[in-house]
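Structural characterization, general
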Amino acid sequence: MFEEEKSFIESKIRAYLQTQEINEATIEFRQIPFSGEWGMAVPLFPVAAGEARTGKRVIVPKRAQELAEGIKAHLRDDLGGFSHAEAVNGYLNLYFDTAAYAQRVVDTVLDQGADYGRTPDRDQTVMVEYSQPNTHKAFHVGHLRNVILGGSVCRILEFAGYEVIRANYLGDIGLHVVKWMWNYLKHHAGETPDEDRTHWMNQIYAEADQLFQDPENEAEVRALYARWNQRDPEIVELWKQTRQWSLEGFEQIYDQLDESFDRIYFESGVEDPGARLVEGLIEAGIAQDERPDGPVFIDLDQIAGTEDEYRVLVVLRSDGSSLYATKDLPLAIQKFEEYDLDQSIYVIDVRQSLYLKQIFKTLEILGYEWADKLYHLAYELVNLPGNVTMASREGTVVLFDDLVKEATQRARAIVQEKNPELGEETKHAIAEAVALGALKYTMLSRDNTKVVTFDWDAALDFNGQAAPYIQYAHVRAGSILRKAGQECPSDAAFPEQLEKTEVDLIELMTRLPAEVVRAAAEYRPLVIANLSFELARAFNDFYNTCQVLNAEPAVRAYRLRLVAAAQQVIATSLDLLGIKAPSVM
RNA sequence: GCCCUCGUAGCUUAAUGGAUAGAGCAACUGCUUGCGGAGCAGUAGGUUGUGCGUUCGAAUCGCACCGAGGGUACCA
């Protein structure tokens, strides 16, 4: 934007600098700290500093101001698209005509609608692997951060012009699954899951985990594991059936969260390829095989010539059974065989940083030229107040469905109070949108690398900086537009004198495209979370200071367009966070 | 021991080497309650963890230290 205006001014500045015997200078444009008027700033500090370096005795800030004033005088009224200029604090500030700029922004938003802020297609494909739950187990709040973060990052990347493949990798084998099957066969034979499948699955698992403490039971579980390893058809059949139940349960959860995946990988599917890969590693002399007295491992530091950096990666246990590494290596390879990826992202908690570094390094050593396209998107855990870690074993988990039920109930009470006349189903749908929005916003409005302390009251606080506040602004905008009847005017001129609240609102709308790009580059939904809140606040300020429906026709017309544009940008920003923007609440 | 991440107001954050470190939440004091229940005005809160360095200029870059959390061969 504004390239023409910029290059015009740049040439004028250069011409002036020549008169000052400055022939080489970097002219850069940057944002003016916004104070009610739109424009761009040219800092003269670099130019003055350049003079200082050539030996000229100047005081940089003073000289910068002098130059700025000189340029302003030199430009006179010949501003090519800018309305006026000012020399302040060593900056040359160039301002746009407010009415024209405001109208340009609002027109652009309404013209592009839901695509406002979208980056053109980049022709780059990114796979994001996230969620990765274990089947036969619970889905708790710790898992929630992963899904919410991964889902939002996908939405942001898509909006920033990338083609995104959402991948999920399910832990469908291992001791936890065998424990589950053992308990099912012994105590729950013939039972089928109830409505809430994940909850049911987890009850059986939690029980199994308890019973497993008893050595006698443990022996039975081990025996069952052996049958599983023999691929006893009866057990395989049970495994398939129960895994399916678990998948259906996850599907319910993903539906609620408004998430879906393009490609699902199973741990069971990469176990054999993993075993073959390890054999190859041993033959190639990359991995050392100490079986049966020790495991198969790769001494990464030795190969890379580093010390204490990559450590040692165990790729197969001494008894020949597989570990995560056994399966993550072939999975990475499979992804690149299936897709032409420009980047492969792993949304996995920060505690596995070294492990992923090892996996990436191993793939590099194996000669895969795409190894540098692997990226670990690390996030911190969700703790409970008092810095208590959520762990199934200690019983300190907050289960997903309990959380959503509670949250929905609270939201429901609020909807009931505000809008008692709505139908039951509508009320429930709104309550759920509000409840899930609140949960998502709590998770996304914290930086990835910071611990989220999960607090029931804070997560369900519908006031303050939280999703409901933003959703509410969206609803209010919709309410005005609805009452205005008809359609939004197709065109309206903006007056020279705008209210401060109008200007601030428009300013925030202009920031969306750049913030999307930044959020995508940094994989930080927080950037959008902050913007969406600021938009909502700015809209509320506007709402409180500017009449729309009761204003005179010309004012009403442009303000209606402003309301519609604001509603659009709020909706878009919420959508990028995976939060629904209801039309009533 | 070594490695990684993080330190800005009580909390969540902004400023991406440049303008007086800017907001919101929470707190306190008033006021208002009119397109939908909440809003508005104000107050207070900061030697940007500490020190040194690079620079005309550092919250931002470098080094050291302090603090918190995590990781460090057959857990996931």
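Keep in mind that this is a model prediction, so the values were computed, not measured.

The next thing to look at is the sheet that holds strand β14 (residues 388-389). Ordered by their spatial adjacency, three strands build an open sheet running β14-β13-β15, and the pairing between neighbours is mixed. Only two strands of the sheet have a single neighbouring strand rather than two, namely β14 and β15 (452-453). Taken together, the two bridges between strand β13 (residues 382-384) and β15 define a ladder with parallel strand orientation. Looking at β15, one finds that Val 382 is bridged to Val 452.

Within strand β5 (residues 125-129), five of the five residues are buried, leaving the element largely enclosed by the surrounding structure. Going residue by residue along β5, you find Thr 125, Met 127 and Glu 129 tucked away on one face and Val 126 and Val 128 tucked away on the opposite face as well. Remark: the β5/helix α5 (residues 141-159)/strand β6 (residues 163-170) crossover connection has right-handed handedness. As paired strands, β5 and strand β11 (residues 343-349) are joined by four bridges and run parallel to one another. When the sheet's bridge partners are listed, Val 126 is paired in β11 with Gln 343.

With that out of the way, let us pick up a negative patch on the surface. There is a patch of like negative charges on the surface, built from Asp 121, Asp 123, Glu 163 and Asp 262. Position of Asp 121 among the secondary structure elements: in the loop between α4 (98-112) and β5.

Here we take up the protein's contact with RNA strand B. Taken together, 54 residues sit near RNA strand B, with Tyr 91, Arg 317, Lys 483, Arg 518 and Tyr 543 positioned nearest. In RNA strand B, the atoms that sit within 4 Å of the protein are 57% sugar and phosphate, with bases accounting for the remainder. One of the side-chain nitrogen or oxygen atoms of Arg 30 is found 2.9 Å away from a phosphate oxygen of RNA strand B. Elements supplying a minimum of two residues to the surface near RNA strand B: α2 (45-53), β4 (91-95), β10 (312-316), α13 (353-365), α17 (467-484), α18 (500-522) and α19 (525-545). Take the surface near RNA strand B: its biggest share by element is seven residues, from α19. A class-by-class count of the residues in the surface near RNA strand B yields 27 nonpolar, 12 polar and 15 charged.

Turning next to the side chain of Thr 135. Residue position: Thr 135 is located in the loop between β5 and α5. When neighbours within four sequence positions are excluded, Thr 135 is seen to be in contact with Leu 170, Gly 171, Asp 172, His 176, Val 177, Arg 243, Ser 246, Leu 247 and Phe 250.

Below, the discussion takes up the packing of aromatic side chains. According to the stated counting rule, one finds 24 aromatic pairs in the structure shown. When the ring of Trp 200 is compared with that of Trp 245, the centres are 5.5 Å apart and the planes differ by 80 degrees; the resulting orientation is edge-to-face. Within this pair, whereas Trp 200 is found in helix α7 (residues 197-211), its partner Trp 245 is found in helix α9 (residues 233-257), the two being separated by 45 residues in sequence. Across the pair, exposure class does not vary: Trp 200 and Trp 245 are buried alike.

Attention now goes to helix α3 (residues 60-75). Along an α-helix, residues three or four positions apart point the same way, because every turn accommodates 3.6 residues. Taking 1.5 Å of rise per residue, 16 residues should cover 22 Å, and α3 covers 22 Å from first to last C-alpha, within 8% of that figure. Among the residues making up α3, those that are buried are Arg 63, Ala 64, Gln 65, Leu 67, Ala 68, Gly 70, Ile 71 and Leu 75. The elements touched by buried residues of α3 are α1 (3-19), α2, β3 (84-88) and β4. The first or second residue beyond α3 is Arg 76, which carries a positive phi of 50 degrees.

The assigned domain composition of chain A is domain 1 (3-96), domain 2 (130-288 + 320-383) and domain 3 (400-576). In this structure, domain 1 and domain 3 have C-alpha centres spaced 39 Å apart.

Once that is clear, we can look at the pattern of salt bridges. Summed over the entire model, instances satisfying the criterion amount to 37 salt bridges. Linking Arg 231 and Glu 271 is a salt bridge whose minimum nitrogen-to-oxygen distance equals 3.8 Å. Of this pair, Arg 231 sits in the loop between α8 (215-229) and α9 while Glu 271 is found in helix α10 (residues 267-283), placing the two residues 40 residues apart along the sequence. With a shortest N-O distance of 3.0 Å, Arg 524 and Asp 447 are connected by a salt bridge. Taken together, the residues Arg 524 in the loop between α18 and α19 and Asp 447 in the loop between α15 (424-444) and β15 connect sequence positions 77 residues apart. Bridged by salt links that share partners, the residues Asp 447, Glu 515, Arg 518, Glu 522 and Arg 524 form one connected network.

Definitions and cut-offs
- Numbering of residues starts from 1 in each chain and follows the order in which that chain's sequence is written.
- Chains carry letters and ligands carry numbers; both start at the beginning, A for chains and 1 for ligands, and go up in the order they are written.
- Residues qualify for local features only when their pLDDT is at least 70, as the model is predicted, and side-chain atom pairs are given and counted only at 80 or more; totals for whole chains, interfaces and linings, by contrast, use all residues.
- Excluded from the side-chain calculation are hydrogens and water; included are all heavy atoms of the structure.
- Should DSSP find at least two bridges between two strands, the strands are regarded as paired.
- Under the DSSP-based scheme used, a helix requires at least four consecutive residues in state H or I and a strand at least two consecutive residues in state E, with every element numbered from the N terminus.
- Note on exposure labels: buried denotes an accessible area under 20% of the residue type's maximum, exposed denotes more than 50%, and partly exposed covers the range between, all computed with a 1.4 Å probe on protein chains only.
- Note on handedness: a crossover is taken as right-handed if, strands pointing away from the viewer, the path from the first strand over the helix to the second is clockwise.
- Like-charged residues within 9 Å of one another, or nonpolar side chains (Val, Leu, Ile, Met, Phe, Trp, Tyr) within 5 Å, are grouped into patches, provided each residue has over 30% relative accessible area and no salt bridge.
- Shrake-Rupley sampling with a 1.4 Å probe provides the accessible areas, and residues are treated as covered by the protein chains on show and by no other component.
- A carboxyl oxygen of Asp or Glu within 4 Å of a side-chain nitrogen of Lys or Arg is what we treat as a salt bridge.
- Note that His is not counted, nor are the chain ends; the positive residues are Lys and Arg, and the negative ones are Asp and Glu.
- To locate a charge, take NZ of a lysine, CZ of an arginine, CG of an aspartate or CD of a glutamate.
- Any residue with a non-hydrogen atom lying within 4 Å of a molecule or strand is treated as near it.
- N or O atoms within 3.5 Å of each other form a polar contact, as long as, within protein, one can give a hydrogen and the other can take it, and as long as residues adjacent in sequence are counted only when both atoms are side-chain atoms.
- Asp, Glu, Lys and Arg are counted as charged, while Ala, Val, Leu, Ile, Met, Phe, Trp, Tyr, Cys and Pro are counted as nonpolar; the rest, among them Gly, fall into the polar class.
- Contact criterion: two residues are considered in contact whenever any of their non-hydrogen atoms come within 4.5 Å of each other.
- By convention, a stacked pair of Phe, Tyr or Trp rings (six-membered ring in the case of Trp) has centres within 6.5 Å and planes under 30 degrees apart, an edge-to-face pair has planes over 60 apart, and any other such pair is tilted.
- Expected span of a helix: the number of residues minus one, times 1.5 Å.
- Note that domain bounds follow an automatic or database assignment of domains.

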